[in-house]
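Close look at the chain arrangement
Okay, here's what each chain looks like letter by letter:
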Amino acid sequence: SVVSMNTVSHGGGYSPKAKEFWYPSWSGTTVYRYNAAYGFLGTFDSGQNQMMQLWGDIDGFYYTANWGYNTITKIKDLGSQNQWTYNMGESAGAVAADSDYVYALGADSKRVRRLNKATGALIDSFLLNGGGNETIYGGMAVAGPNLLVGRGSGTVYHYSLAQMSDGDIWPPVYNGAYSMN
């Protein structure tokens, strides 16, 4: 279903632990919290600037892609306690995680970096095969064996993490938060 609400900026996320939608403020450090009925709950300070995307994890930690800082960060539940930082060497356009890894994508790149969830160390990287290469503004999600990449054109590309090939091209989406519950 389509929901209309103030998303504040780019790259909203969902915290499965808090059961809340979280939207980062560009380019401040504030994160806006909304409940499952899309009602505003308040804010918290992430300590991170230029958050292009935020991704919540089931343990309460969350990850941010910090555009001009070129970093991916892991932060403790509803706060700003940084657990680790990974420097991508390019503008950080998107971040998402599954039960095993954190995935990071540069703003104008098709190279996905797979990071260790505990340490933030680079495990490996791979190139997305097919699909567009427009700038990404915080539009990536992992759902099971699927990687969804929403580019600046509004097009969402569907990739298989197992095969690393492009699949369906979905209709335009310009902002959103992903809940895998």
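Preceding this paragraph is the structure being described.
Residues numbered from 1 in each chain as written. Predicted model: local features only at pLDDT ≥ 70, side-chain atom pairs only at ≥ 80, totals over all residues. Heavy atoms only, no water.

A few points about the pairing of strand β11 (residues 111–116)
For clarity, the threshold we go by: Whether two strands pair comes down to DSSP finding at least two bridges between them. Labels follow the DSSP assignment, with helices taken as runs of H or I lasting at least four residues and strands as runs of E lasting at least two, numbered in each case from the N terminus.
Summarising the sheet, strand β10 (residues 101–106) and β11 pair through 5 bridges and their orientation is antiparallel. Looking at β11, one finds that V102 is bridged to L115. In this antiparallel pair of consecutive strands, β10 and β11, the connection spans 4 residues. Both β11 and strand β12 (residues 122–127) contribute to a ladder of 5 bridges, which runs antiparallel. Among the inter-strand pairings, R113 is bridged to a residue of β12, identified as S125. Counted between consecutive antiparallel strands, the loop separating β11 from β12 contains 5 residues, among which G120 sits at a positive phi close to 80°.

Some points on the pattern of salt bridges
Keep this limit in mind: Salt bridge, as applied in this entry: a Lys or Arg side-chain nitrogen positioned within 4 Å of an Asp or Glu carboxyl oxygen. Think of it in three bands: with a 1.4 Å probe and only protein chains considered, a residue is buried below 20% of the maximum accessible area for its type, exposed above 50%, and partly exposed in between.
All told, the structure shown has 5 salt bridges when counted by the stated rule. The closest approach of N and O atoms between K17 and D77, which form a salt bridge, is 3.0 Å. Of this pair, K17 sits in the loop between β1 (13–15) and β2 (20–24) while D77 sits in the loop between β7 (71–75) and β8 (82–87), and the two are 60 residues apart along the sequence. Judged by relative accessible area, K17 falls into the partly exposed class, the value being 47%. By relative accessible area, which is 26% here, D77 ends up partly exposed. Note that D57 and K117 form a salt bridge whose closest N and O atoms lie 2.7 Å from each other. Of this pair, D57 sits in the loop between β5 (51–56) and β6 (62–66) while K117 sits in the loop between β11 and β12, and the two are 60 residues apart along the sequence.

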